[in-house]
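Letter by letter, the chains look like this.
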Amino acid sequence: MKKRILTALLAAVILLTLAGCANNKADAPAPDTTRPTVTTTVETTGTAESDTDTEHTEEKKKAEEKFKEVNNAFDILKDPQKRAAYDRFGDAAFANGNAAGAGFGGSNPFGDGAFHFNMGGGAGMEDILREAKQLIDSGAKEITLLGQNVDSYRWEGPKGNVSFAQLLEAVAKISPELRVRFSTSHPKDISDEVIYTMAMYENICKHIHLPVQSGSSIMLEKMRRKYNREWYLERVDKIRSVIPDCGLTTDVIAGFSGETEQDHLDTLSLMEQVVFDSAFMFAYSERPGTLASKKYRKDIPYEVKTARLNEIIALQGHMSLKSNEKEIGKVMTVMVEGPSKKNKEELCGRAGSNKMCVFPSRGEKPGDICQVRVASVTSATLICERLD
């Protein structure tokens, strides 16, 4: 029973990572703290109608099936006796980004050697480090620290307050062989301390997901994002001045209430200036009960939102290709995730920048580390040759 519940909960955390961009949308409602609400999103670079793509539809169905398993697990946990199996992992693990539990141990149901911690302001650093060490002893090769806004992490420890940068450094120092990731950052909170910490430790993966939502300061103010265009671009400049090869991904919303054509053009120009590796792109849809739904009119026609979204997607396709072309000839350290979907004789895995690499298989298993050189690229993939 413990293993089945743990597997479901771990899957929920990973699915929440896929849906993490939704947590950064304007005026997002507070999550249900008794049962996780999981929404899946598909990263696209080709068409706004991603649900018509067969592969993406299959991924969505799998995610929905996994979420049903999670729901069943939470129903089981209503039984006080069975609940005890869950208590050791923290009974507020999905509570509004302020989880009482430090994370989850046990086996990763995806079998790729990567484990994901759901952490927040209430998770003690000592608990996180203890569980991280246990996971490493169990064979984990990569750990991801998760939060709606990891940069807001604060813990009052016996020796003073601990920031997210200090937590990130402490996890990285557990073992130089451990790969460390984190998500998601908020542009208003990501600090120089976090950026310099990433640069200091080779085993902290050089990738930041930094949702921008819009390139218009007017729209950002309406969305209550608490930063403007200039602030966002300054943060990007800081990241790239300290970590020139840092992967940078984002979220973009088209057609928020009151968005003018100039606001839309501001978004396109910011995308061209930053050149994101990839993006989660959405047409704005009103969420009942949010301030936006009460305060702002639904005034952007569907046809206009769709046209703007298609422009954003088309531009990001070009930007992704431009970003990937800069990687040709570079050597990448990649952790194997599994066989390539298109060719079972090849493997796929992510570099430290979070870019997907495809390369010839020599019988490696998920979790193995490989050295590869980028030979050619598409907008979504680095096609590599083996060095080892």
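Right above here is the structure, for reference.
Worth saying up front: this structure is predicted, and the values here are computed from it rather than measured.

It is worth spelling out the pairing of strand E7 (residues 247-254) at this point. With 8 of 8 residues buried, E7 is to be regarded as a mostly interior element. The two faces of E7 match: Gly247, Thr249, Asp251 and Ile253 on one face and Leu248, Thr250, Val252 and Ala254 on the other face are all buried. In this sheet, strand E8 (residues 278-283) lies alongside E7 in parallel orientation, the contact comprising 6 bridges. Paired with alanine 254 across the two strands is alanine 283, which belongs to E8.

Next up on the list: the packing of helix H8 (residues 229-242) against helix H9 (residues 261-274). Contact geometry of H8 with H9 gives a least axis separation of 11 Å together with a crossing angle of 10°. When the axes of H8 and H9 are compared, the pair comes out roughly parallel. Contacts between H8 and H9 involve Arg229, Tyr232, Leu233, Val236 and Arg240 from the first element and Asp266, Ser269, Leu270, Gln273 and Val274 from the second. Residues that form the contact of H8 with H9 fall into these classes: 5 nonpolar, 2 polar and 3 charged.

Under the criterion given, the structure shown has 2 cavities of 30 Å³ or more. In this structure, the second largest cavity is lined by Gly255, Phe256, Ser257, Tyr284, Ser285, Glu286, Lys298, Asp299, Ile300 and Lys305. Residues that form the lining of the second largest cavity fall into these classes: 3 nonpolar, 3 polar and 4 charged.

Turning next to H9. For H9, which comprises 14 residues, the first-to-last C-alpha distance of 20 Å matches the rise-based estimate of 20 Å (1.5 Å per residue) to within 8%. Of the residues making up H9, those classed as buried are Asp263, His264, Thr267, Leu268, Leu270, Met271 and Val274. On an axial view of H9, the arc spanned by its buried residues comes to 160°, and they lie on one face. Contact partners of the buried residues in H9: helix H7 (217-222), H8, E7 and helix H11 (302-325). Count one or two residues on from H9 and you reach valine 275, which has phi positive near 60°.

Each strand in a sheet pairs with another by means of backbone hydrogen bonds, the pair being arranged parallel or else antiparallel. Taken in spatial order, the 5 strands line up as E9-E10-E11-E13-E12 and close into a barrel, and their pairing is mixed. The sheet shows a mean angle of 50° between the axes of neighbouring strands, taken without regard to direction. Looking at chain direction, strand E10 (residues 346-350) and strand E11 (residues 356-360) are connected through 5 bridges and run antiparallel. When the bridges of E11 are listed, glycine 349 appears paired with cysteine 357.

Cut-offs and rules
- Residues numbered from 1 in each chain as written.
- Predicted model: local features only at pLDDT ≥ 70, side-chain atom pairs only at ≥ 80, totals over all residues.
- Heavy atoms only, no water.
- Buried < 20%, exposed > 50% of the residue type's maximum accessible area, 1.4 Å probe, protein only.
- Helix = DSSP H or I, 4+ residues; strand = E, 2+ residues; numbered from the N terminus.
- Pairing = 2+ DSSP bridges.
- Axes fitted to C-alpha atoms, helices over the stretch in contact; angles between N-to-C directions.
- Parallel < 35°, antiparallel > 145°, perpendicular 65-115°, else oblique.
- Contact = heavy atoms within 4.5 Å.
- Nonpolar A, V, L, I, M, F, W, Y, C, P; charged D, E, K, R; others polar.
- 1 Å grid on protein atoms, 1.4 Å probe; cavity = no way out; pocket = protein on both sides within 12 Å on 5 of 7 lines; lining within 4 Å.
- Points joined across faces, edges and corners; volume = space filled by probe spheres on them.
- Expected span 1.5 Å × (residues − 1).
- Arc of directions from axis to C-beta.

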